[in-house]
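# Structural features, examined
What follows is the residue order along each chain.
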Amino acid sequence: MPQISPLLAGDPVRLGPFTLTGRIGEGGQGTVYLGYTSHGERAAVKLLHVKFTGDAAARSRFARELRAATRVGSSSCTARVIAADLDGDTPYIASEFIDGRSLRETVEADGPLHGPGLDRLALGTATALADIHRAGIVHRDFKPDNVLICPDGPRVVDFGIARILDSTGTITSRAVGTPAFMAPEQIAGAAVGPHTDVFAWGTVIMFAATGWSPFDGPSIAAVLNRVLTHEVDVGVLPAPLGEVVRASLSKAPGDRPSAEEIRDRLLGPAGPAGDATVPLPRPRG
């Protein structure tokens, strides 16, 4: 279960139908509280920071997060939206409470994943991204902190900087995201799309298997340079996972498989350890 800290002075004790009992976490956009309905249902209630409540742009970003999470819908690999209020003095989004630690916390506490645990993570997160992309969403910040490890499998959360795709299937990028888990096109300011999340997926799987991002470096500049130039050694991964991760980390977006292709390749005829039946895209050149 995630660490729940006590409410601080000035924190609300109620938002809409939710009674707030503790803090789950805090980010640049808002604070996430543990809330309960009158029926005892738990929720993760994200409250927009007070300093942003009068900021039209911040409210617009918050509304975009809600639209993205709602469009993904009831995927078993994401958190469903329970309630929201974007028009009041205290804008909030309440989502299903996921009882699990983040992948980062899991790896830091217990060490890298391997065997069936790594297989379940790879397949579950690829399935989540396939669902997200099918809904016309690009997550844009897929990283170990946004993957929760639960008894029934991994869940992908936090659509704070997600974007809805336009009719071309891409969006214009700004350098948003977490550097060690960003794709080359995010750094270059090029168009991003589902292929961007696929690159991040490969990086997250490497983190899960080794305990660090393959692009870690002593400075942000070094990290960004490694994302653009470093070829990742996936030898630590078993087949067919290693080949799939290698393809997902191609520098050219067009050379990466889709999340759906990754899922199907990992499933194979006999599950994650079965023989590959779905061919991966061939690199151009």
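Residues numbered from 1 in each chain as written. Predicted model: local features only at pLDDT ≥ 70, side-chain atom pairs only at ≥ 80, totals over all residues. Heavy atoms only, no water.

Let's shift gears to the overall build of the chain. Helix and strand counts for the chain stand at eight helices and 11 strands. By the burial criterion, 51% of the 285 residues in the chain qualify as buried. In the chain, 56% of the contacts between residues at least 6 apart in sequence involve partners at least 24 apart. Counting only carbon and sulfur atoms, one obtains 54% of the accessible surface of the chain, whose full area is about 12,900 Å². (Helix = DSSP H or I, 4+ residues; strand = E, 2+ residues; numbered from the N terminus. Buried < 20%, exposed > 50% of the residue type's maximum accessible area, 1.4 Å probe, protein only. Contact = heavy atoms within 4.5 Å. Areas by Shrake-Rupley, 256 points an atom, 1.4 Å probe, with all protein chains shown as cover.)

Attention now goes to the sheet that holds strand 6 (residues 92-96). The strand order across the open sheet built from six strands is 1-2-3-4-6-5, with neighbouring strands paired in antiparallel fashion. For this open sheet the edge positions go to strand 1 (14-15) and strand 5 (81-85), each flanked by a neighbour on one side alone. When strand 5 meets strand 6, the two strands line up antiparallel, connected through four bridges. The partner of Asp85 across the bridge, within strand 6, is Tyr92. (Pairing = 2+ DSSP bridges.)

This paragraph deals with the confidence of the model for the chain. In the predicted model, the chain carries a mean pLDDT of 83, and 82% of its residues have values of at least 70. The low-confidence segment residues 160-176 (pLDDT under 50) makes 54 contacts with residues lying over four places distant or belonging to another chain. Segment residues 271-278: pLDDT under 50, and 18 contacts once partners within four positions in sequence are set aside and those in other chains are kept. (pLDDT = per-residue confidence, 0-100.)

Counting buried residues along strand 3 (residues 30-36), five of its seven residues qualify, which places the element largely inside the surrounding structure. In this sheet, strand 3 lies alongside strand 2 (residues 18-26) in antiparallel orientation, the contact comprising six bridges. Counted as the bridge partner of Gly22 is Leu34 from strand 3. In this structure, strand 3 lies alongside strand 4 (residues 42-48), joined through seven bridges in antiparallel fashion. Among the inter-strand pairings, Tyr36 is bridged to a residue of strand 4, identified as Arg42. With antiparallel pairing between neighbouring strands as the criterion, strand 3 and strand 4 make up a hairpin whose turn holds five residues, including Gly40 at a positive phi of roughly 90°.

Turning our eyes to something else, we now look at the pairing of strand 6. For strand 6, a buried count of four out of five residues is recorded, marking the element as mostly surrounded by other parts of the structure. The sheet contact formed by strand 4 and strand 6 spans five bridges and is antiparallel. Pairing of Lys46 across the sheet is with Ile93, part of strand 6. The hairpin formed by strand 5 and strand 6 contains six residues between the paired strands.

Once that is clear, we can look at the packing of helix 3 (residues 115-134) against helix 8 (residues 259-267). For the pair helix 3 and helix 8, the least separation of the axes is 8 Å and the interaxial angle reads 150°. As judged from the angle between their axes, helix 3 and helix 8 are roughly antiparallel. In the packing of helix 3 onto helix 8, the handedness of the crossing is left-handed. The residues of helix 8 that touch helix 3, namely those facing Ala122, Leu123, Ala126, Thr127, Leu129, Ala130, His133 and Arg134, are Ala259, Glu260, Ile262, Arg263, Leu266 and Leu267. Per-class residue counts for the contact of helix 3 with helix 8 are nine nonpolar, two polar and three charged. (Axes fitted to C-alpha atoms, helices over the stretch in contact; angles between N-to-C directions. Parallel < 35°, antiparallel > 145°, perpendicular 65-115°, else oblique. Left-handed = near helix turned anticlockwise from the far one by under 90°. Nonpolar A, V, L, I, M, F, W, Y, C, P; charged D, E, K, R; others polar.)

Before going further, it helps to spend a moment on unusual backbone geometry. Glycine aside, residues mostly have negative phi angles, and peptide bonds mostly take the trans form. Of note, the amide linkage connecting Ala239 to Pro240 takes the cis form, showing an omega dihedral of 0°. Summarising the element assignment, Pro240 is placed in the loop between helix 6 (220-229) and helix 7 (241-248).

So, about the packing of aromatic side chains. Across all of its chains, the model carries three aromatic pairs by this definition. Each ring, one from Phe181 and one from Phe207, has its centre 6.2 Å from the other, and the planes form 75°; the classification is edge-to-face. With Phe181 in the loop between strand 11 (163-164) and helix 4 (184-188) and Phe207 in helix 5 (residues 194-210), this residue pair connects regions lying 26 residues apart in the sequence. Each ring, one from Phe199 and one from Phe215, has its centre 5.7 Å from the other, and the planes form 10°; the classification is stacked. Remark: Phe215 occurs in the loop between helix 5 and helix 6 and Phe199 occurs in helix 5; sequence separation between them is 16 residues. In this structure Phe199 comes out as buried when scored by relative accessible area, which is 0%. Look at Phe215 and you get buried, because its relative accessible area is 0%. (Phe/Tyr/Trp six-rings, centres within 6.5 Å; stacked < 30°, edge-to-face > 60°.)

A separate point is the nonpolar core. Leu103, Leu118, Trp201, Ile205, Leu237, Leu241 and Val245 are the most contacted members of the largest nonpolar core, which totals 46 residues. At the level of secondary structure, the elements contributing two or more residues to this core comprise helix 1 (56-72), helix 2 (103-110), helix 3, helix 5, helix 6, helix 7 and helix 8. Top contributing element to this core by residue count: helix 5, with 10 residues. Look past the residues within four positions of Leu118 in its chain and what remains in contact with it is Leu113, Ile205, Ala208, Ala209, Leu237 and Leu241. In this structure, Phe18, Tyr33, Tyr92 and Ala94 belong to the second largest nonpolar core, which totals nine residues. (Core = buried A, V, L, I, M, F, W, Y, C linked by side-chain atoms within 4.5 Å.)

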